[in-house]
Structures are given as structure tokens and as C-alpha cells.
Amino acid sequence: MTLPNVVVTGMGIVTSIGWSPEEVQESILNKRCGFRGISCLDSPLFKGTLAGEVLGDPAAKSGLAEGSRSDHLALYAARQAFVAAGLEGLTEDVKAEIGIALGITTGGLSTTEVYLDQLLTEGDSDIAQMRFHECSTPVATISRELGLFGIQTSVSNACASSANALALGREFIQSGEAEVVLAGGVDSLSRLTVNGFNSLLVYDPDGCRPFDENRSGMTLGEGAGFVILESEAHANARDARTLAHFVGAGSSFDGFHITSPSPDGSAIHDAMSKALADAGRVPSDIDYINAHGTGTLDNDASEGEAIQRLFDGDVPVVSSTKGYCGHTLAAAGAVESILCILAMEHGVAPPNLGIENVDPAFRFDPIREPIETGLNTVMTNSIGFGGNNCSLIFENGDSNQ
Amino acid sequence: MSGVGIYGYGRYDASGISGTRRTSDIELMGIDDLKWKHVSDVTYKRFGQLDALSKAAMAATEMIGISELMGADIASETGITLGTKDGCLGTDIDFRANAIERDVSNPRLFAYTLPSTVCGDLAIRHGFQGANACYMSENDNGVLALAEGFYLVESGELQGCLCLEVDALFEESASAANEFKMNLDTDRFSAYAFLLMNTDVAAGSPLGEFAFTPGEDCKMGSLRELCGLIESRGKDVPITKIGYDDLAVSIRGMER
Amino acid sequence: MDDLISELKVGIIKHLGFDDMEPDEIETDAPLFETGLGLDSIDALELVVLLKESYGIEIKDIEEGKTIFASIQVLSEFVKENRQK
């Protein structure tokens, strides 16, 4: 039985480097880093710490009367993808069949923290704020606001969440559960994550430097990214523009430690191999890898080792884009998939910001300037706490050829 | 042609601790009092470090007797699907309460403010290296986890899958939550675990085998009900079809 | 047994959450990481917190921690010399 081909027909994104795919691409080309001092929340221990905070007020732009920061970011990006794919004009009953797969870890945490603080300092607070706490809230919000009632769920797999969500959305279509799925991820800054990553001593307050020999940690980011996934047949029937073909996904588990990857990178190696097998491709077919590349000593070492081993002396163009938007946690997989699709669309591979000298342990050189080059097949990696590893492969859409 | 079967189950909830490996001769312990020695004779020193969600999941899974059902080679191609409604809400509260009390962020608690850390602990303990995911919605998380597990094994992506539905809070977390006026029930823990395997690689007969029954209306309310059905089977009563109609998956019991 | 050594063993068991362990199961001279007790990177960070809270010692660099945490014996000597409370 052949599984239906799945294509990407729309994208929506909000990050510290832009409120749309166009704005984001412009920042990429101009090497405009999105790190700034955190202003959306008050973390007394970490004043001056940099993060990829979204500029502007998500609450004012989402069109949502009330919700958490994650709800606002998610709805904005979801609606942007929905409109870009030309789905607004569909009838209610067709929209009602559309599915949602969303990656998320913080949920409404930033609002919950405000609630808890008010309660502690003032003795009272509005419990209604707790309505937005659950990780499942943004999906419910998007479902209600856009009228989508097909199969839907949230995936909470740490930093691999939205990569897994995109793979799951593709599975929904391949299995016939849906013809169209809104797939993506969202996470917003919170005191828990700022403090938490600092307590693990893996946060670089001055900005992450993926693959650099003096790298000392990650930088948090926030944002939302969504793609419209569709069966190729459905997309062709309504004459939709195919931005990319979603040709492969691979997922694996480290089983090594709850926060550190195994040093030989065997799990991400496995995920990349599975994605290639799923796509029916070999390593030499890959033109560009968007690495997870958080900038921590351990992640970059193990992922670098895995890339070298898999591509065996013939490593394609590589970069981590976390030097632009930071580590957007659950949104990373979706945000970085969008950056990969933009790279193919514009024929420009995005550079790896933050490198002064590449760590000599790596036998490949991440690019440090945007490189104009035809890109046909690209891969994006996501590696999460708990040992989740996911790799996705996209190919250039027909409309870009 | 190979199929997908359920080869083991484990249950830990207010009505007891039981599963394929051991029957409910274990004295029921609330999640706060649960010690590893209550569920297993094998050492596992890290049990005390786990949060409530991981403890409940680990205890239910231990009732399956995984090492008796699969070797290391199959385990390395086994994944985990986890469904949970509240996820790590308890640990989120613990993290915050701890930070306020001690003016420091506890790194281990931070690692547990992710519901997928449960999967990490299970994978480390049982040697699972296949695909995995944690699903969170208002309803039907367990059924989605089971259906996804079935799909992963049936498609050949995995040789086995541990499918779980877990929700658990420590009494202290629930009390702290109530100080934050969240009005949570203090007695919450439930964990249901099922081990799915490719019938070609598994030894012995399954407890139940999955079958597609397109067009047929099946109802499977929850994994708790599935546990109940397996347990009440007795020797002569086969499980008739259990399914989740929207996902078009059903489980057909083996005639014995 | 030296009081501080005993206190450290009890403190480690309690602070790191090893519920079912007895203090005399921890060998004074055995390694704490990799082999011996088999602590991991998060345990290391929790030991840093334990040193601060119980003895007022601040470890800024986790690499420094690796030498100090070589064994209970080594750790107790370090604490004796550097404790603030």
C-alpha cells in the first residue's frame, strides 16, 4: 500500500527575529540576531540575561480577547499559516475536518507565575488566570478560533515536541485520518525555564555560540511556528501552492540520561538514518542540515559526532540557527523546519551566528555567512530532554523549481 | 502476515497494583508511600528521585514483567507512547514551592517539569530506543497513545511499544496547589501500561490482538476499562472487540 | 565513624532522594561518580546546592566540583576546610 505524499502549503511564524516568514527571512539575510535583555517577565536573579524574546505585544496582535502568552503567539502564527495556505475560504464543514498537532512544553506557565506571585504578595489573585495553564489550551484555542475540529492533540516531548508534532501530523494524513493538518509548536518565556536551565548550568547569559570551541551554553528563545500539511492530492485538487514536500521523518530514544545526550550521539544518528530511510534517500542527497545546535558543550559535541559519522567525510552545508532566535524549546522543530523551507525557497542557506572559532573536535565547518546555493533536500534535527530525538527531511516544492 | 498483540499489562490505581507478572497480592500504597520494594525485588536506587508521574508509570510498567517478554535486541527497537491529562502539573507546583522556600531552583525538579521525562526514565530502565511521544489533551489520551503504539508496530517502525496512560500527584503537591487555591483532589494517581509487540517476534500468545474493523462501531472508553476487561476475562471468556471508533482500531481477544 | 562523614552520607541520601539506601551502604573511599555510588550530572548539581545550604560553601564552577566530589573522604576534607557554617 503506498502512503499518500504529504506537502506543505502554508507557513506562519513569530519569533524574536520577525512576525512572518518574510520578516524572518530578511533578518536571516541581514544576520540580525534576536537576543535582547528579558523584559516580558521579571526574573530577579537573571537581570541582564539575554534571550530571544518576541518584540511587541502578542496579546495585542493575536485577535484573542484573553489567553496566555503561548495562546497569543500560537493563534497568531496558526492563523497566518492558515491564511497563507488559502484555507480561509473553505466551507465550515471542510474546515471542521482539519486536524491539529501541536508541540508545547510551557503552556500557560508565564500567566500561572503571575497568578502565583500575586497570591503570595497580595494574598489574593484571580484564579481565572489558571484557565490557561494546561498544555492542551492552545490547541483548544486554535480549534475554536479557526473552526478546526478534526483529529487533534498536543505533543509534549521537550525540545523535540514540534518536530514530533510535524511527524505526527504527517502520519495523520498518511493514515487517512485527515487530508489537512495544522502542525507546529509554541513556547513562551517563563521564570521556570530561565531559572531551570540556569540551575543546570547550561545557560550562556551572553548569547549561545553553537559549535564554537568556547561555547558555554544555550540561550532561551520563544515563539510559534506552524505549517499547513496536506495530502498532495488534496493540495493539487484545490490548486494550492506546494512550498515543500515533507518526505521523511525519523524518531528515536537515547535511553541514556534524562538531561544529557549519550556522547556518541547514537540516538540522533539513529533518528537521521530513520528519516533518510523513510524518505528513500541516502546521506549524499542532503544539501543542508539545520542542526539542533543549542550551544551547550554536550549537545553540540554529541550531535557533531553523529553528523560526522553518518555523513562519513562528506558533510553537507551545516548550521545551527539558534544564534538567531535562541532555543524556542517546543517550537524549535517547527520554527527550524520553516527556516529550512525558506532556505530552499530563496536558495540561501542560513548561517550559524556566534562562532569565532569552530571547535577543533568537529571535522566540518558550519557556515558563518548566508550562502546562495540551490537547495533541494534539507534536514532538520531536534534533540530533547528525556532522550527524544527527531529528524525531518523536506524537499523543494514544485512552485519553487 | 504479522500482527500486533498486547503481551502484557500493568495497573496502579486506587483499586490496586496488578499486572501480567504479578497478581494483586501487593498491598495498595498511595503514591506518597510507594517504595520500589513494594513492586519489585530488583534494585532501582533512583526510584526515590522520581516525581509522582514517573513513579506511577514505573510501578505500573514493572507489573508487566518486560524482561520476561523481550530481550535486549527487541527492547532497542521498542518505543513508548504516553498519554496524560495533567502531565507534570504536580512537579510544576513543587518546583515553584521549592524555589520560594529555599530561594534556589532545584535542577532535578526542573528536569521533571516535562511530562516526557517519564518516557526518559522508562527508556533508561528498560533499554528502549525506539520512537516515543507524550500526548496531552482533555480526553482520550490513553486511547491515542494505544492507537499510536499500534500504528508504530504495525507499520514496522518498531518491534514493540509500551503504551501508557498516567496521571499522578503527590499529596504534598496537591496540598501546595490548594494553598495556591487550585482545589486539586489530594488522592490522585492512576497508571495503566500495556506492552505491544509484533506477533512475529514475540514468544507465546498475546492477551489480545489488534484488528482493523472498518465501519464497525467500537467503544473503548479508557485504558482503565481495557485493564478491567483483561482482568475479568477468566479462562473461558474471550475479550470481544474493543475499539475506538474515530481511530478505527479495535482489539480482538484471543479465543482460549 | 567521623561525625562529618556520617553526616555527609545521611545528607546525600536525604538530599538526593535515595529512599531505600542506608548510610553504611556508601563506602567512604569509593568514587561517587561513574562507578561506586554512580551519581550523575544532576546529582552533582544537587550536591552543589547541598554544600551551599548545609555548609555555606559556594561552588562556582562545576569542573571544580569534580575533584571535590571524588569520594566521601575527599569531600569531608574539603568541607572541614571551607565550611562557613
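(A) Structural context of the overall build of chain C. Looking only at helices and strands, chain C has four helices and zero strands in total. A globule of 85 residues ought to have a C-alpha radius of gyration of about 12 Å, and chain C, at 12 Å, matches this closely. Principal-axis analysis of the C-alpha atoms places the extent of chain C at approximately 30 × 25 × 20 Å. Per-residue burial for chain C yields a buried fraction of 22% across its 85 residues.

(B) Seen up close, the pairing of strand β4 (residues 99–104) of chain A. Residues and elements named next belong to chain A. Summarising burial for β4: six of the six residues are buried, a large majority. Going residue by residue along β4, you find Gly99, Ala101 and Gly103 tucked away on one face and Ile100, Leu102 and Ile104 tucked away on the opposite face as well. As paired elements, β4 and strand β6 (residues 180–187) share six bridges and run parallel to each other. From the neighbouring strand, Gly103 faces β6, where its bridge partner is Gly185.

(C) Just the confidence of the model for chain C, in detail. Residue and element names in this part refer to chain C. Overall, the prediction assigns chain C a mean pLDDT of 87, with 99% of residues at 70 or greater. Of all helices and strands in chain C, the one with the weakest mean pLDDT is helix α3 (residues 62–68) (78), whereas helix α4 (residues 72–82) scores best (93). Scored as a whole, the predicted complex attains pTM 0.85, and scored at its interfaces, ipTM 0.78.

(D) Region of interest: the nonpolar core. Counting residues in each nonpolar core, the largest one holds 219 residues, and the members touching the most others are Ala81, Val181, Leu182 and Val227 of chain A together with Ala56, Leu164 and Ala191 of chain B. Mapping this core onto the domain boundaries places at least three of its residues in each of domain 1 (6–237) and domain 2 (248–396) of chain A. Apart from residues lying up to four places away in sequence, Leu164 of chain B is in contact with Ala57, Ala60, Leu82, Gly83, Ala145, Ala191, Tyr192 and Ala193 of chain B.

(E) Quick look at the interface of chain C and chain A. With five residues of chain C at the contact, the number on the chain A side is six residues. Of the residues forming the side of chain C that touches chain A, the biggest block, three residues, is contributed by helix α2 (residues 41–55) of chain C.

(F) A look at the interface of chain B and chain A. Taken together, the contacts link 37 residues of chain B with 35 residues of chain A. Going through the elements one at a time, α4 (89–102), α5 (107–111), α6 (117–126), β4 (132–136) and α7 (141–154) of chain B are the ones with two or more residues in the side of chain B that touches chain A. The dominant element in the side of chain B that touches chain A, judged by the number of residues it contributes, is α6 of chain B, at six residues. Looking at chain direction, strand β5 (residues 152–155) of chain A and β4 of chain B are connected through two bridges and run antiparallel. For Val155 of chain A, the partnering residue across the bridge sits in β4 of chain B and is Tyr135 of chain B.

How each quantity is defined
- Residues numbered from 1 in each chain as written.
- Chains lettered and ligands numbered in written order.
- Predicted model: local features only at pLDDT ≥ 70, side-chain atom pairs only at ≥ 80, totals over all residues.
- Helix = DSSP H or I, 4+ residues; strand = E, 2+ residues; numbered from the N terminus.
- Rg over C-alpha atoms; globule rule 2.2 N^0.38 Å.
- Buried ≥ 20, exposed ≤ 12 C-beta atoms within 10 Å, placed from the backbone.
- Pairing = 2+ DSSP bridges.
- pLDDT = per-residue confidence, 0-100.
- Core = buried A, V, L, I, M, F, W, Y, C linked by C-beta atoms within 7 Å.
- Domains from an automatic or database assignment.
- Contact = placed C-beta atoms within 7 Å.

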